[in-house]
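Coordinate inspection notes
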2 protein chains.
Amino acid sequence: MKARNPEAAPVPENLLAEYRFAEPIYVTSPSLVPLDEYTKLLEKIWEGRRLANNGPFHRELERRLGERLDAEHLSLFCNGTIALLVALQALRIDGGEVITTPFTFPATAHVLYWNNVRPVFCDIDPVSFNMDPDRIEELIGPETKAILPVHVYGTPCDVDRIQAIAERHGLAVVYDAAHAFGVRYRGKSLVTHGDLSVLSFHATKLFTTAEGGALIAKSGAQKQRIDFLKNFGIADEETVIGPGINGKMNELQAAYGLLQLDTVDEEIANRRKVAETYREELAELAGIQMTSDVPDVEHNYAYFPILVDADLYGRTRNELYDCLKAFNVHARKYFYPLCSSYPTYASLPSARPANLPVAGRVADQVLCLPIFGSLGTDAVRTVSAIVRELARTG
Amino acid sequence: MKARNPEAAPVPENLLAEYRFAEPIYVTSPSLVPLDEYTKLLEKIWEGRRLANNGPFHRELERRLGERLDAEHLSLFCNGTIALLVALQALRIDGGEVITTPFTFPATAHVLYWNNVRPVFCDIDPVSFNMDPDRIEELIGPETKAILPVHVYGTPCDVDRIQAIAERHGLAVVYDAAHAFGVRYRGKSLVTHGDLSVLSFHATKLFTTAEGGALIAKSGAQKQRIDFLKNFGIADEETVIGPGINGKMNELQAAYGLLQLDTVDEEIANRRKVAETYREELAELAGIQMTSDVPDVEHNYAYFPILVDADLYGRTRNELYDCLKAFNVHARKYFYPLCSSYPTYASLPSARPANLPVAGRVADQVLCLPIFGSLGTDAVRTVSAIVRELARTG
């Protein structure tokens, strides 16, 4: 934790007295399933004595998630990172280049490293924060194998244009849909786009299995290959088809996920209220840019990002972040710094800041405010009031 | 599942009538913690609302496992495979060759693939089933980076000779100690040998967290680096030191592990009784070779391997395996086939069967009989009687 810098961003004592939260407000809080119901499912696990390896709850969760997400060929994973790592392996992408966004969580770039692939970073759109389709084609070269876009904050990428580019150039498309649980676009589940999509069920996600994730394939044959690869490549007791990995989800997590499915729609509805309240409360505030709902999209309200324009707001994003901490409000700089600036990737030609002007500006300005289903409207209004009061526009 | 082959191995009906188990006897069965105690720990997780990311139970389990295993610098993982993958990354072994055993679970070889390392397979000792120290030095070349031995079935490798070879040639030693929970050698915890050791807590292991594992380092600095790498390389909110991965264990599993610690000594004691009963019951049986306790070793009785010599026993290992299935006894061919025979590795020079005669013979003859703490003595005697009766030595 970094200390706030009171010189750069003095917080008036009277504001602290009025608005400071007694208990910390984190950027998110996991949706907990009813413990008594969970215990009943655990009793069944104890009876069956099966804790792992495609047990009954694992199979049921794959089936029910498939129904929920219109994704018949869904494979559960221990986490979304290993799912994304296996996605590339399933497509035999083990070298060359993949075009991706620098404005994402480290896992997106790192799975390329693990598959021996060089990331090529593409700048982002200033409104959606997703990969800018106008900038993709200029990055395609003879070694390009695939495009790996991220539905950042659950906002759909321009799936049609990306698909058209991929088809023209013979590239695979793997969506990092870690944020996009339940999002629908033109009436269709977002995870049905591209060749493969990956979800994360980490504790910070709106649908969670503590850790966890899923890989969504287009065919039963592809799912079967993925299921081999996530189990060390074991096809049967005497056959190992390739250098797979352990990506298996256990039964304790799968049972948790089944109960999450019962409440995830309520969680989304509650988050929607949080987002709407922020939008009302911060609507007129100079220097604070919010996202809007996009036509034809059923959003999941997984995150509530704002952009802080220091010239208009009177404080930088970093100052606002530090000040909020003084009020016990723990916002997060998702995604700062850009992946392209990590030591691992900074020397790549595509990582030059001059190539990524929008991503650079957004990463410097973005702040994700607390949003989760159990965050009450009063708390949202208080956080909003703090953001308003901290403005130094006068 | 393969059908047994009744032509090759006819099973007399009267034997089936006398000895067939009504319920399947699997090679292992997980040790379940008391559900009421587990629920109490879950209540604390629900109160703290922390499901992942180095939560309180995670920290407590690292500390208590460290005490149990004399391993102060222990990091928990989502599974042993990811722990082993990170072990090599922690040592910056990302190319060249590593000498390992072909007589192991696929994960051992596969983590080399994921780190861009070529495995060099070393033959094994016919008694310990571990890498034969007499065969290691001839495999060391200019590209060799490390030795990756496995304490197969929990039997200690010749750690002193391996250490001496490694020191003479400047190689790292990473032990795959997946089977070796709790084993002590000359009064010292086995996982304190080598540069790093990796444990597995999979459901098939005697100490389990459903899925799970641990990586044991030699220093606090090394543990810190490992903890960064298992969390995407994130060193702090604004620093990513390298292309890490998600190797984190969640709180549901860590809580389970804490309760396992209370009973693991009892589990080992009960398994010891199973092993002793097998040894008594099968002592005089021609063509069945068992392992013995090794001086100066506190064993954990994780597995009960036998070697089937078809000439003396009258049936091949495969016939015995198939016959046992007819009795509802599900033994396992750990480890058949050899890793060196998978399509991924079979074309490597070191994978030639002529280089691995002992490993080849053991893989063709080995069968792991059921062993777990709750397997009663009567069941062990019945399994032994079946093995005796199936002998066709007359």
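My aim in this report is to walk through the structure given alongside it, one point at a time. Throughout this document, residue positions are counted from 1 along each chain, in the order its sequence is written. Think of it this way: whatever chain is written first is A, whatever ligand is written first is 1, and the rest follow in order. Reporting of local features is limited, given that this is a predicted model, to residues whose pLDDT is at least 70; pairs of side-chain atoms are given and counted only at 80 or more, and all residues count toward the totals for whole chains, interfaces and linings. Water and hydrogen atoms play no part in the side-chain values, which are based on all heavy atoms of the structure.

Take the pairing of strand β15 (residues 304–308) of chain A next. All names here are of chain A. The element β15 is extensively covered by neighbouring structure, given that 5 of its 5 residues are classed as buried. Only strands joined by at least two bridges in the DSSP assignment are considered to pair. A helix here means a DSSP run of H or I that spans at least four residues, while a strand means a run of E at least two residues long, and both kinds are numbered starting from the N terminus. Pairing between strand β13 (residues 288–290) and β15: 3 bridges, direction antiparallel. Considered in β15, the bridge of Gln289 is made with Leu307. Relative to strand β17 (residues 366–369), β15 runs antiparallel, the two being bridged by 4 bridges. Among the inter-strand pairings, Ile306 is bridged to a residue of β17, identified as Leu367. Buried, partly exposed and exposed residues are distinguished by accessible area as a fraction of the type maximum, computed with a 1.4 Å probe on protein chains only: under 20%, between the cut-offs, and over 50%, respectively.

All names here are of chain B. Here the aromatic set is Phe, Tyr and Trp, taking the six-membered ring for Trp, and pairing holds for ring centres within 6.5 Å; pairs whose planes are under 30 degrees apart are stacked, those over 60 apart are edge-to-face, and all others are tilted. Taken as a whole, this structure holds 38 aromatic pairs over all chains when the rule is applied. Their ring planes at 90 degrees and their centres at 5.5 Å tell us that Phe103 and Phe335 sit as a pair that is edge-to-face. Here Phe103 is found in the loop between β3 (97–100) and α5 (106–114), whereas its partner Phe335 is found in the loop between β16 (329–330) and α11 (357–365), with 232 residues between them in sequence. Taken together, a centroid distance of 6.3 Å and an interplanar angle of 70 degrees make the contact between Phe181 and Phe201 edge-to-face. With Phe181 in the loop between β6 (172–176) and β7 (184–185) and Phe201 in the loop between β9 (196–200) and β10 (213–217), the pair connects residues that are 20 residues apart, well separated along the chain. Its relative accessible area of 4% is what places Phe181 among the buried residues.

Turning our attention to the sheet that holds strand β6 (residues 172–176) of chain A. Residues and elements named next belong to chain A. With mixed pairing, 7 strands are arranged side by side in an open sheet as β2-β10-β9-β6-β5-β3-β4. Only two strands of the sheet have a single neighbouring strand rather than two, namely β2 (73–77) and β4 (118–121). Direction aside, the axes of adjacent strands within the sheet are offset by 25 degrees on average. Alignment of β6 against strand β9 (residues 196–200), held across 3 bridges, turns out to be parallel. From the neighbouring strand, Asp176 faces β9, where its bridge partner is Val198. Contacts from helix α6 (residues 159–169) reach β5 (144–148) and β6 within the one sheet, and its direction differs from that of β6 by about 150 degrees. Lines are fitted to the C-alpha atoms to define the axes, a helix being fitted only along its stretch in contact, and any angle between axes, read from their N-to-C directions, falls within 0 to 180 degrees. Whether two residues are in contact is decided by their heavy atoms, any of which lying within 4.5 Å being enough.

Residues and elements named next belong to chain B. Judged by pairing direction, the sheet is mixed, and its 7 strands sit side by side in the order β2-β10-β9-β6-β5-β3-β4 without closing on themselves. The strands lining the two open edges of the sheet, one partner per strand, are β2 (73–77) and β4 (118–121). Going across the sheet, the axis of each strand differs from the next one's by a mean of 25 degrees, ignoring polarity. Across the sheet, helix α7 (residues 220–229) touches β2, β9 and β10, and the angle it forms with β2 is around 15 degrees.

A few words on the environment of Pro142(B). All names here are of chain B. Relative to the helices and strands, Pro142 is located in the loop between β4 and β5 (144–148). Given a relative accessible area of 87%, Pro142 falls into the exposed group. For the pair Pro142 and Glu389, spaced 247 residues apart in sequence, the C-alpha separation works out to 53 Å.

Moving on, we come to the interface of chain A and chain B. Across the contact, 63 residues belong to chain A and 63 residues belong to chain B. Put simply, buried area is the surface a 1.4 Å probe can reach on two separate parts but cannot reach once they are joined, added for both. The junction of chain A with chain B conceals about 5700 Å² of combined surface from both sides, 64% of it contributed by carbon and sulfur atoms. When the area that chain A buries against chain B is broken down by residue, the three leading residues are Trp46(A), Trp114(A) and Glu238(A), summing to 14%. Any pair of N or O atoms that falls within 3.5 Å is considered a polar contact. Within protein, one atom must be able to donate a hydrogen and the other to accept it, and sequence-neighbouring residues count only if both atoms are side-chain atoms. Across the chain A-chain B interface, the total number found is 28 residue pairs in polar contact (both at pLDDT 80 or more). In terms of residue count, the dominant contributor to the side of chain A that touches chain B is helix α2 (residues 35–48) of chain A (6 residues). A per-class count over the side of chain A that touches chain B returns 34 nonpolar, 18 polar and 11 charged. Residues are grouped as follows: nonpolar covers Ala, Val, Leu, Ile, Met, Phe, Trp, Tyr, Cys and Pro; charged covers Asp, Glu, Lys and Arg; every other residue, Gly included, is treated as polar.

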